[in-house]
Amino acid sequence: MNILIVGGGGREHALAWKMAQSHHCDNLFIAPGNPGTASIGTNVAIEVNDFVGLKNCALENAIDLIVVGPEDPLVNGIFDYFSKDEATAHINVIGPSAEAAQLEGSKAFSKHFMQRHGIPTAAYAEFTHANYEEGVEYIKAHALPIVLKADGLAAGKGVIIAFTHQEALASFEEMIQNKQFGEASSKVVIEQFLEGIEVSVFALTDGQSYQIIGHAKDYKRIGEGDTGLNTGGMGCVSPVPFMDKNFMQKVEARIIKPTIQGIQSENLVYKGFVFFGLMNCEGEPYVIEYNCRLGDPETEVILPRLQTDLVSLLAAADNGTLQDVNIEYQTAAFATVMAVSGGYPGNYQKDFTIQGLSESANVPGVIVFQAGTGFKDNAIVTKGGRVLTATAQGNTLKEAVEIAQNALSNIQFEGMYFRRDIGYEFES
Ligand code: AMP
Ligand code: GLY
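A.B. asks: Describe the site of ligand 1, naming the residues involved and giving the relevant values.
C.D. replies: Taken together, 15 residues surround ligand 1, and among them Glu191, Leu194, Glu198, Lys220 and Glu289 come closest. A distance of 2.8 Å is found between a nitrogen atom of ligand 1 and a backbone nitrogen or oxygen belonging to Leu194. Glu198 is positioned such that a nitrogen or oxygen atom in its side chain is 2.3 Å from an oxygen atom of ligand 1. Protein chains shield 90% of the accessible area of ligand 1, which is 480 Å² for the free molecule. Of all elements in the fold, only β7 (146–150), β8 (159–162), β9 (187–192) and β16 (284–291) reach the threshold of two or more residues within the shell around ligand 1. Across the shell around ligand 1, the residue classes tally to 8 nonpolar, 1 polar and 6 charged.

A.B. asks: Report on the pattern of salt bridges, specifying residues and quantitative values.
C.D. replies: Summed over all chains, the structure comprises 21 salt bridges. Between Arg11 and Glu12 there is a salt bridge whose closest N-O contact spans 2.8 Å. Here the two residues Arg11 and Glu12 agree in accessibility, since each one is buried. Notably, a salt bridge pairs Glu198 with Lys220, separated by 3.8 Å at the nearest N-O pair. Of this pair, Glu198 sits in strand β10 (residues 197–205) while Lys220 sits in the loop between β11 (210–218) and β12 (221–223), and the two are 22 residues apart along the sequence. For Glu198, a relative accessible area of 36% puts it in the partly exposed group. Where salt bridges share partners, they join Glu71, Glu104 and Arg293 into one cluster.

A.B. asks: Go over the site of ligand 2, please, and point to the residues and values.
C.D. replies: Inspection of the region around ligand 2 gives Asp218, Gly232, Phe275, Arg293, Gly295, Asp296, Pro297 and Glu298 as its neighbouring residues. Contacts to ligand 2 include Gly232, whose backbone N or O atom sits 3.1 Å from a nitrogen atom. Within the contact set of ligand 2, an oxygen atom lies 2.9 Å away from a side-chain nitrogen or oxygen of Arg293. Summarising the interface, the protein chains cover 86% of the accessible area of ligand 2, which totals 200 Å² for the free molecule. For the shell around ligand 2, the per-class residue count stands at 2 nonpolar, 2 polar and 4 charged.

A.B. asks: Tell me about the packing of helix α8 (residues 132–140) against helix α9 (residues 165–176), and name the residues and values.
C.D. replies: Between α8 and α9, whose axes approach to 10 Å, the crossing angle comes to 160°. Classed by the angle they form, the pair α8 and α9 counts as roughly antiparallel. The two elements α8 and α9 cross, and the hand of that crossing is right-handed. Residues Tyr132, Gly135, Val136, Ile139 and Lys140 of α8 form the contact with α9, whose participating residues are His165, Ala168, Leu169, Phe172, Glu173 and Ile176.

A.B. asks: Describe the packing of aromatic side chains, naming the residues involved and giving the relevant values.
C.D. replies: With the rule as written, the count across this model stands at 12 aromatic pairs. On the numbers, 5.8 Å between centres and 65° between planes, the contact of Phe276 with Tyr290 is edge-to-face. Here Tyr290 lies in strand β16 and Phe276 lies in strand β15 (residues 270–281), a separation of 14 residues in the sequence. Note on accessibility: Phe276 and Tyr290 belong to one class, buried. An aromatic cluster is built from Phe127, Tyr132, Tyr138 and Phe172, whose rings are joined through pairwise contacts. The residue whose ring lies beneath Lys217 is Tyr219, and the NZ or CZ to ring-centre distance is 3.9 Å. Between the NZ or CZ atom of Arg305 and the centre of the ring of Tyr329, over which it lies, the distance is 4.8 Å.

A.B. asks: Before we move on, could you go through a nonpolar patch on the surface and cite the residues and values that matter?
C.D. replies: Taken together, Val159, Ile161 and Phe163 make up a surface patch of nonpolar side chains, about 260 Å² in accessible area. Residue position: Val159 is located in strand β8. Judged by relative accessible area, which is 37%, Val159 ranks as partly exposed.

A.B. asks: Talk me through unusual backbone geometry; I want residue IDs and the actual numbers.
C.D. replies: The amide bond that connects Ser238 to the next residue, Pro239, takes the cis arrangement and shows omega of 0°. Tracing the backbone shows Pro239 in the loop between β14 (235–238) and α10 (245–265). In the segment running from Asp296 into Pro297, the intervening peptide bond is cis, with an omega of 20°. For Pro297, the location among the structural elements is in the loop between β16 and α11 (299–305). One non-glycine residue, Asp226, lies in positive phi territory at about 55°. Considering the arrangement of structural elements, one finds Asp226 in the loop between β12 and β13 (227–230).

A.B. asks: Account for the nonpolar core, with residues named and values stated.
C.D. replies: Nonpolar side chains in soluble globular proteins tend to be buried together. Judged by nonpolar contacts, the single largest core of 76 residues is most densely connected at Leu4, Leu54, Ile66, Val201, Phe276 and Leu388. Here the element with the most residues in this core is α10; it accounts for 7 residues. Excluding residues within four positions of it along the chain, Phe276 makes contact with Val199, Ser200, Val201, Ala203, Ile255, Ile256, Thr259, Glu289 and Tyr290. Judged by nonpolar contacts, the second largest core, of 36 residues, contains Ile5, Phe273, Leu306 and Leu310.

Here is what the cut-offs are and how they apply
Residues numbered from 1 in each chain as written. Chains lettered and ligands numbered in written order. Predicted model: local features only at pLDDT ≥ 70, side-chain atom pairs only at ≥ 80, totals over all residues. Heavy atoms only, no water. Near = heavy atom within 4 Å. Polar contact = N/O pair within 3.5 Å; in protein donor to acceptor, adjacent residues only side chain to side chain. Areas by Shrake-Rupley, 256 points an atom, 1.4 Å probe, with all protein chains shown as cover. Helix = DSSP H or I, 4+ residues; strand = E, 2+ residues; numbered from the N terminus. Nonpolar A, V, L, I, M, F, W, Y, C, P; charged D, E, K, R; others polar. Salt bridge = Lys/Arg side-chain N within 4 Å of Asp/Glu carboxyl O. Buried < 20%, exposed > 50% of the residue type's maximum accessible area, 1.4 Å probe, protein only. Axes fitted to C-alpha atoms, helices over the stretch in contact; angles between N-to-C directions. Parallel < 35°, antiparallel > 145°, perpendicular 65-115°, else oblique. Left-handed = near helix turned anticlockwise from the far one by under 90°. Contact = heavy atoms within 4.5 Å. Phe/Tyr/Trp six-rings, centres within 6.5 Å; stacked < 30°, edge-to-face > 60°. Lys NZ or Arg CZ within 6 Å of the ring centre and 35° of its normal. Patch = residues over 30% accessible without salt bridge, like charges linked within 9 Å, V, L, I, M, F, W, Y side chains within 5 Å. Core = buried A, V, L, I, M, F, W, Y, C linked by side-chain atoms within 4.5 Å.

In structure tokens, the structure reads:
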């Protein structure tokens, strides 16, 4: 099978790493990829929203399977673009239709969906310019803290947790009146704050059946002890100790099954990954958000943990045999620790040479996935905020985290920073 992965971060490096292991994988292309994916397959210099470029690439290389990493092209309709064109309709594109991708692309759409299907989530209301004053009154009467969410995609920055009414009102005004996130914040969802521990569960669906392919806990804040600004994710662990049989049963019965049934009953075309962002509130699961793709850096722990052949699994999602696949996981514990550029998630400099990559690649039980990296003068240099992540396995989460951190200590670039407390809540 010829495969094209769309994207160029750590998630796509992990996808390339996993798919290249399949004996069904003949030729692997990554658009645009990064120096990490270049060592596994062929990078093609096409951006993720260049559908014409991706189509030409797919036809030239007789691509059979396309896996779309990031949400942008999905929300922009890449699935429909390929499925509606006779020349490309035969290609198995993994990702929901644009309509179904609204589960991630519009917070209001996903809240309505959850409400229609009785899926537990935070209480909410939505406001636009038309009922702005009502929104102001709603905020004033709301318990603290208050969560404000820009309806549309805002590159991970559209959620504000306000601890005073003043702060909430200022953010509300910024979003709606001053169009802080452009069109994405013309509608704002205001919701109840859920207290608990977050966990992400990943499923693959063909719109009818599903398979759970893993779960992980992501550490989103830049600072140790979960302090400071939100980032794309500073590290992950899997499995998560509280994800025991009892909790998983609740997640499946109350959240995953009704979601897939909802997708089916509403005739949403969805062949792809579903990312359930959950909050464990004293043992009861609630949905914080849906994403219509894999997480980053969650993918960098769930794919190493997954034993099942991913290419076969994605083929099964296309040919109606998904329910027959047997999902197997490694018994080891996995952790990934992300190294970022100094200053991230604020401003940071780029183009610093990365040293020690090959040494750390030789540490047993460690995989280094590249994210924001690029080539310059035959060297691998920093190109993004999140630069690379070391994934390790161990007998315990603690051991896996230690091995990942040790691997990172072999790597150097100017300003490099990583959290040394990933998995801190879990003793073993
Ligand atoms: P999102 O962009 O939807 O992933 O939200 C970003 C982060 O905000 C989440 O990962 C949570 O940490 C937090 N968050 C979102 N909604 C809530 C909520 N209702 N209660 C508490 N925290 C929330
Ligand atoms: N790590 C969170 C995300 O991928 O959205």
